[in-house]
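Inside the fold
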Amino acid sequence: MKFVSRLFSAAAALLILASLAAGCFAAPAASAGESRPDGQVEVLRLEGGTDWGAPTPFQCQSRGPGTAKMELVYASLLEKDETGDIGWLAESWTVDGKDYTFTLRQGAAFQDGEPLTADDVAFTIDYYNAHPPVSNPLAAGTDACILEGYTVVDERTITLTVKAPDGDTLTSLGSFEILPRHVWESVEDPYTYTGEGWLTGSGAWACTAYDGPTGSYEFTAVNDFCAGTQAAARIQFVPASDALLAFENGEIDITGVPADLLDRYRADESLGFVEKADDTGYKLLINFDECPEFLDIALRQAVYAALDRQAVVDKVFRGAGSVGSAGYVPRSSLYYSPDCVEYPYDPEAARAVLADKNLSVTLLAADSGSDVAIAELIQLDLEAAGVAVTVESYDSATRDSMVNGGDYQFALVGNGGWGNNPPTYLRTIFSDVSKNQGGNPHSMGPIGYENAEITALAEGQRTETDFEARKAMFQQLQVLISREIPLIVIANQSSYSMYRKDCYDGWMKTYAYQQAEQNRLSYMLR
Amino acid sequence: MGKAIRGGWGPILILCAGLLALTAFFAWGALAWPCSPTQPSGASLEAPGAAHWLGTDDLGIDIYAQLSQGFFASMSLGLACGALTGLIGGGLGMLAGYKGGGVQAAVDLAVQVFLAVPQLPVLIVLGAFWGQDRRLVIGLIAAFSWAPVAKQTAAKTRSAAHRTYVQAARSWGANSWYILKNHLAAEVLPVVLVGALAVVGKAILQESALAYLGLSDPTAKSWGLMINRASRFAGIYFTDYWKWWLAAPVAALMLTILFTRLLARRLEQRLLEGDV
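Below or above, wherever it landed, is the structure these notes cover. Please read all numbers here as calculations on a predicted model, not as lab measurements.

1. A word on the overall build of chain B
Along chain B, the regular secondary structure elements total twelve helices and zero strands. Counting from the amino terminus, chain B carries its helices and strands in the arrangement α-α-α-α-α-α-α-α-α-α-α-α. A principal-axis box enclosing the C-alpha atoms of chain B has dimensions of 75 × 50 × 30 Å. Expressed as a percentage of its 276 residues, the buried residues of chain B come to 45%.

2. So, the overall build of chain A
Counting its secondary structure elements, chain A contains 15 helices and 17 strands. Its C-alpha radius of gyration of 23 Å places chain A within 12% of the 24 Å reference for a compact globule of 526 residues. For chain A, the spread of C-alpha atoms along the principal axes amounts to about 70 × 55 × 45 Å. When burial is assessed residue by residue, chain A has 52% of its 526 residues classed as buried.

3. Here we look at the sheet that holds strand E4 (residues 90-96) of chain A
All names here are of chain A. With antiparallel pairing, four strands are arranged side by side in an open sheet as E4-E5-E7-E6. Only two strands of the sheet have a single neighbouring strand rather than two, namely E4 and strand E6 (147-154). Ignoring which end each strand starts from, the neighbouring axes of this sheet average 20 degrees apart. In the sheet, E6 pairs with strand E7 (residues 157-162) via six bridges, with the strands oriented antiparallel. Pairing of Leu147 across the sheet is with Val162, part of E7. Of the strands in this sheet, strand E5 (99-104), E6 and E7 touch helix H3 (residues 118-130), which is tilted by about 165 degrees from E6.

4. Side note on the sheet that holds strand E9 (residues 216-221) of chain A
Residues and elements named next belong to chain A. Sheet architecture is open: four strands sit in the order E1-E10-E9-E8, paired in mixed fashion. Of all the strands in the sheet, the pair left with one neighbour each is strand E1 (41-48) and strand E8 (205-211). Sheet twist, expressed as the average angle between the axes of neighbouring strands with direction ignored, equals 15 degrees. Those strands touched by helix H2 (residues 64-73) are E8, E9 and strand E10 (232-239), and its axis lies near 135 degrees from that of E8.

5. Considerations on unusual backbone geometry
All names here are of chain A. A positive phi is found at Arg318, a non-glycine position, where the angle reads about 55 degrees. Within the secondary structure, Arg318 sits in the loop between helix H9 (309-316) and strand E13 (321-323). Under the C-beta neighbour-count criterion, Arg318 is labelled buried, with 20 such atoms within 10 Å. The phi dihedral of Ile485 falls on the positive side, at around 55 degrees, and the residue is not glycine. Structurally, the position occupied by Ile485 is in the loop between helix H15 (467-484) and strand E17 (488-500). Note on Ile485: 21 C-beta atoms within 10 Å, which makes it buried.

6. Quick notes on the interface of chain B and chain A
Where interface size is given, it is often the accessible area lost as the parts come together that is meant. With 15 residues of chain B at the interface, the matching set in chain A holds 22 residues. The class makeup of the residues in the side of chain B that touches chain A is six nonpolar, eight polar and one charged.

7. Points about the nonpolar core
If you look at the biggest cluster of nonpolar residues, it comprises 143 residues, and the most contacted ones within it are Val73, Leu89 and Trp205 of chain A together with Cys81 of chain B. A total of 15 residues in this core trace back to one element, the largest contributor, which is helix H9 (residues 176-212) of chain B. Discounting chain neighbours no more than four positions away, the residues touching Val73 of chain A are Pro55, Leu199, Gly201, Gly203, Trp205, Ala206, Cys207 and Phe219 of chain A. Among the nonpolar cores identified, the runner-up in size contains 71 residues, and Tyr282, Val313 and Val391 of chain A together with Ile61 of chain B belong to it.

8. Comments concerning the pairing of E9 of chain A
All names here are of chain A. Counting buried positions along E9 gives five out of six residues, so the element sits mostly inside the fold. Bridging between E8 and E9 involves six bridges; their strand directions are antiparallel. Note that in E9 the partner of Trp205 across the bridge is Ala221. Linking E8 back to E9 in an antiparallel pair, the connection comprises four residues, with Gly215 at a positive phi of about 65 degrees. As defined by bridge partners, E9 adjoins E10 across four bridges and the pair is classed as antiparallel. Within E10, the residue paired with Glu218 across the bridge is Gln236.

9. Here we look at the packing of H9 of chain A against helix H11 (residues 371-384) of chain A
Residues and elements named next belong to chain A. Packing of H9 against H11 leaves a shortest axis separation of 10 Å and a crossing angle of 145 degrees. Between H9 and H11 lies a crossing of right-handed hand. Note on element contacts: H11 touches H9 through Ala373, Ile374 and Leu377, opposite Ala311, Val312 and Val316. Residue composition of the contact of H9 with H11, grouped by class: six nonpolar, no polar and no charged.

10. Let's talk about H9 of chain B
Residue and element names in this part refer to chain B. The end-to-end C-alpha distance of H9, which contains 37 residues, comes to just 46 Å, noticeably less than the 54 Å that a straight helix rising 1.5 Å per residue would cover. Remark: the principal bend of H9, roughly 65 degrees, maps to Ala185. Two residues or fewer after H9 comes Gly214, characterised by a positive phi angle close to 85 degrees.

Reading guide: rules and limits
Residues numbered from 1 in each chain as written. Chains lettered and ligands numbered in written order. Predicted model: local features only at pLDDT ≥ 70, side-chain atom pairs only at ≥ 80, totals over all residues. Helix = DSSP H or I, 4+ residues; strand = E, 2+ residues; numbered from the N terminus. Buried ≥ 20, exposed ≤ 12 C-beta atoms within 10 Å, placed from the backbone. Rg over C-alpha atoms; globule rule 2.2 N^0.38 Å. Pairing = 2+ DSSP bridges. Axes fitted to C-alpha atoms, helices over the stretch in contact; angles between N-to-C directions. Contact = placed C-beta atoms within 7 Å. Nonpolar A, V, L, I, M, F, W, Y, C, P; charged D, E, K, R; others polar. Core = buried A, V, L, I, M, F, W, Y, C linked by C-beta atoms within 7 Å. Left-handed = near helix turned anticlockwise from the far one by under 90°. Expected span 1.5 Å × (residues − 1). Bend = angle between axes of the 7 residues up to and from the residue.

Put into structure tokens, the structure is as follows:
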């Protein structure tokens, strides 16, 4: 499976290179010589160097940096700002029971100039049902699809009818990216397609260069985009062996700040910062099919007791973070429940439970970021408690593929977005009917473990529209998760992005997502 | 001693002394140093001091202890690769050189194929699929190192096999094994030894490269992995940490490879003067 996956990746890379050579990219809509709108900068440069896939809904990587690039090229009906959902391709919408009616903006068009109509929206839904995209807010093509049907009212108006409306329905309906029917209706396999129009999007940016092996991307602002004006004529993701050096040398305009150097850069008033509190988190997944002995909750409690999770915060995060709540939602979240069960570091208690069990596990980790260091600390702690641990590391995409395929015993998974608001990921991780659907890390839940009470709460919170009642359900769910321990929460990391204010100052966080570099509105004049 | 130096053995002795000093330095670290190479024994990123001569890494593990374990891990891997290379390359080279004909053609073809294949890219690809096993890494490096040794050994064997005393032995009915053992082995052995020694340094470098690229046991205390971990620490060049966390394994790697490669070169000049 891994071999096939890698072979496929290599073949895809070759295809993409071939496409590059054939000049298959959409023509840039703006050129360097043209006059720019007031406030628009010539180019924004960010750290590249990783292949996050081609920026199409079918070929991007499932993680944030991959889908964010795709979302520059493709647009959805709605977008998120600091406080709520706003119109994007849709200028207005109404809700009537199960019917959500969206009216497209006047002048909405694809990047090749073809008009974007309600017919394209309808086609996109049908096409996604036949070919589910990487990021799939409609759950199209699955039993959990939220849509019952649609009605094209006129060229600019479409009514989407859902099976059961809930608190997240509007956001989900507004989040799927619209495809050009005239390109995709003749494409049978969108997961490998690189032919005519494959990067013709509906978004504010045309992909004008993509080189997978070097992780280089260039996006060029599309003229007369219907939902606003871009903040830069071009966005480039350039390979950088050391992001901080590249930032110091002016090669990139925004980068992460290591915790050790935060004070040093804080003193520089020309720099701006975006704080991402507890937004990255690490969890330890147990594949209970492979390790059925851990279905005994006493062993999972002992694993918690064995782990010095504060050491992860102190040594790996350099103090910038917090020990993870066993209820999963970070302690700094509005939704965090202080009633969650705490599992302090107690190596003697862990050893008393685990030492005579003769346990041996393989721990899967990614070979990037802080993963190996955290895996090593976990290995040391578990071995001290009497569990033999072998660490195996792979690149992040392979690790994700193995986790989703259940090809692991223990797996360390780290990702951003833990600070999302509201914490709807509790459903996709812990609900027995919604977890492990697709490659997104927020869909990676425990395998071989079921809990009807958790599933009922995780699914039930969707239909609760009262804020306080829903928050109470989230908190009740966290307490249950902390007691039942379907997975082990290691720690949350806080981080900062740093940018030069005189170069560009428009970086923003949405109400639901703190990663400023991955938010579309960060690249728009506002 | 003076005669030895005049005869060209001086640099070899100096290099051997250097390697011995390195070995002694790291043997102390591996056997007598109180800190563990795998368990944290200090604060995170502690600067060099009395308790930790070369400081600690981000997890608080002693750098000197890690370097010492890494030295023996690297040297044992290098020596294993060298031995395996000597066996394969020496054996096939002698066979080809002595038998000639179809055997020689087959070995020559294999040698040309392995010499033509770019080693590191292939090692990276193979390592990506199977590389997290140390025995496999040894096998892979040896598989891509035996060809030059076989080529030189075959040439030397062919030359030796045409000597009068070998021809005489053959005409008196000596079998192949007898001739190889009693007449050719002594002539060919220095070629094999020098070739194998050259592989030791190369193997250490290649294993470090694979480890640096993350294609080895991710928690092993190898120098390549130490360099990988340190160089990937965000902003390390804007802190003092690189001075002990990164510089120490780089210096250890450079010194060890320098000594082994210079030693192999000097021995080649000394033992094979005029032969190859």
